[in-house]
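Descriptive analysis of the structure
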Amino acid sequence: MHLKSLSNVAMHETPFYSYDMALLRRTLAVVNREIEGYPFVVHYAVKANGNPVILSEIQKSGIGADLVSGNEILAAIKAGFNPGNMAYAGVGKTDREIEIGIDNDIYCFNVESEPEMEVINEIAARKGKMAGVAIRVNPNIDAHTHRYITTGTSVNKFGIDLHMLDRVVDLAIKLPNLHLRGLHFHIGSQITTLEPFRLLCEKINQLLDYYEARGISFEMIDAGGGLGVDYENPEANPIAPFHDFFQVFKDGLKLRHGQKVHFELGRSIVAQCGALISKVVFVKDNSVKKFVILDAGMTDLLRPALYDSHHKIVNLTSQATETDVYDVVGPICESSDVFATDERLLVTRRGDVIAILSAGAYGESMSSTYNMRSLPQSRFFD
Ligand code: LLP
């Protein structure tokens, strides 16, 4: 993988995100191959990584964009995505953000509440336009993922509960400046078994039958994102199991004539192409534990501190043949600024270069300037 090509990495100022553009292109090619011949449309969830170079590469592959803020819509347009292939989701869209979507004629707003639907209609009417909308349904499916990234259960702030759905569908049909395009679902992220997606297909089929009986049809069903990646063995599994994932929908959905299925994939497209590269500032031995203290911290990659998630860590420059066990930590004044505990690494010294793998999704995009730190830089390799 590209890490081997980082032989001169010690020259670069750290920390920085290193992106393997060849892997990104291979991943996109697999996605496009798997959907070919099916009425499937993939939108890239820009929140996973909005780096302009990454966006422009993804845009070139022809897939669309899934956005969660007005600024993401503008960034996607700047990167060349076609607004007619954009969906905009989020529970708290402001009037200004809704205007950005309407002014740019995006394909649809994924609407999460009745008041939001009324406001989109009002703003569209004021501008003399029609706004495409999909209703985000909370299907009450537990995706068995981390509680911070489970979204499809009833106790969650996302989507419209099934027992209220009729009312919201009727409202969307009634409001004159809305064009109801379909139903939208997203059950969570980093889902590593296919069962939740099978359950989702069943739920979608039930709803299609139900609404067909009521004389309502949809041009599009949005099945959301959520396909997980292999954080433990990224080198062995650099590309997410797209074949199996799409097969579930090919087998499971009973689509109506002309109906399209949209997907909003974030992590599975970009996670494995990015690594956070950092240097060891100190190795500290406090007699109970050895700490590798990096120049990267939770401000550069928040996932371990926020979700207790584990990313594989490798020492790129150690000349040692033996290994040792370390807690790998950042320099930030927070006890949660820990990348890994009891991680086995090649014997590590001050100045060694460390790669934290699978950091392309929700890494750079969640970075911050806490402690007045600089945002991480990015570099691109082929
Ligand atoms: N669609 C909607 C409505 C979403 O909320 C999300 C992610 C996606 C699509 C893309 O899901 P993906 O394919 O990436 O799983 N920061 C967390 C993940 C938060 C996911 C938020 N929503 C993490 O680092 O694990």
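Just so it is clear, the model here is predicted, and its values are computed rather than measured. (Residues numbered from 1 in each chain as written. Predicted model: local features only at pLDDT ≥ 70, side-chain atom pairs only at ≥ 80, totals over all residues. Heavy atoms only, no water.)

**Here's the deal with the pattern of salt bridges**
The cut-off we apply is this: The working definition used for a salt bridge is a side-chain nitrogen of Lys or Arg within 4 Å of a carboxyl oxygen of Asp or Glu. For the purposes of this entry, the term helix denotes a DSSP run of H or I that reaches at least four residues, the term strand denotes a run of E that reaches at least two, and both are numbered from the N terminus. Burial classification: accessible surface area is computed with a 1.4 Å probe over protein chains only, and a residue below 20% of its type maximum counts as buried, one above 50% as exposed, and the rest as partly exposed.
This model, assessed by the stated rule, comprises 23 salt bridges. Notably, a salt bridge pairs R126 with E99, separated by 3.4 Å at the nearest N-O pair. You can see R126 sitting in helix α5 (residues 114-126) and its partner E99 sitting in helix α4 (residues 95-103), a full 27 residues away along the chain. Here R126 falls in the exposed class, since its relative accessible area comes to 56%. Relative accessible area serves as the criterion here: at 19%, E99 is assigned to the buried category. Two residues, R214 and D166, come together in a salt bridge whose shortest N-O distance is 2.9 Å. Note that R214 is positioned in the loop between α7 (195-213) and β9 (220-222) and D166 in helix α6 (residues 165-174), a separation of 48 residues in sequence. Taken together, the salt bridges that share partners define one network made up of R25, E57, K60 and D382.

**Points about the domain arrangement of the protein**
Going by this rule: Each domain's extent is set by a domain assignment, obtained either automatically or from a database. Contact between two residues is taken to exist if any of their heavy atoms lie within 4.5 Å; hydrogens are not considered. Put simply, buried area is the surface a 1.4 Å probe can reach on two separate parts but cannot reach once they are joined, added for both. For this analysis, a polar contact is any N or O atom pair within 3.5 Å, provided that within protein one partner can donate a hydrogen and the other can accept it, and provided that sequence-adjacent residues contribute only side-chain to side-chain pairs. Nonpolar residues are Ala, Val, Leu, Ile, Met, Phe, Trp, Tyr, Cys and Pro. Charged residues are Asp, Glu, Lys and Arg, and all others, Gly as well, are polar.
Segmentation of the protein into domains returns domain 1 (21-271) and domain 2 (272-381). Computed over C-alpha atoms, the centres of domain 1 and domain 2 are 33 Å apart. With 25 residues of domain 1 in contact, the opposing surface of domain 2 contributes 21 residues. At the boundary of domain 1 with domain 2, total buried surface from both sides reaches about 2100 Å², with 54% on carbon and sulfur atoms. Note that E235 is salt-bridged to K312, the shortest N-O span being 3.2 Å. If you look at where domain 1 meets domain 2, you find 17 residue pairs in polar contact (both at pLDDT 80 or more). Per-element accounting of the side of domain 1 that touches domain 2 gives the leading share, four residues, to helix α1 (residues 21-35). For the side of domain 1 that touches domain 2, a count of residues per class yields 15 nonpolar, five polar and five charged.

**Some remarks on the packing of α4 against α5**
Each pair of packed helices gets described by two things: the angle between the helix axes and the distance between those axes. Keep this limit in mind: Only the stretch in contact is used when fitting a helix axis, every axis being a line fitted to C-alpha atoms; angles between N-to-C directions are given from 0 to 180 degrees. Our angle categories are set so that under 35 degrees counts as roughly parallel, over 145 as roughly antiparallel, 65 to 115 as roughly perpendicular, and the remainder as oblique. Less than a right angle of anticlockwise turn of the near helix away from the far helix marks a crossing as left-handed, whereas a clockwise turn marks it as right-handed.
Where α4 meets α5, the axes come as close as 10 Å, and the angle between the chain directions of the two elements is 55 degrees. Taken together, the axes of α4 and α5 are oblique relative to one another. For the pair α4 and α5, the sense of crossing is right-handed. Between α4, through D95, I98, E99 and I102, and α5, the contact on the second element is made entirely by V119, I120, I123, A124 and R126. Class assignment of the residues belonging to the contact of α4 with α5 gives a composition of six nonpolar, no polar and three charged.

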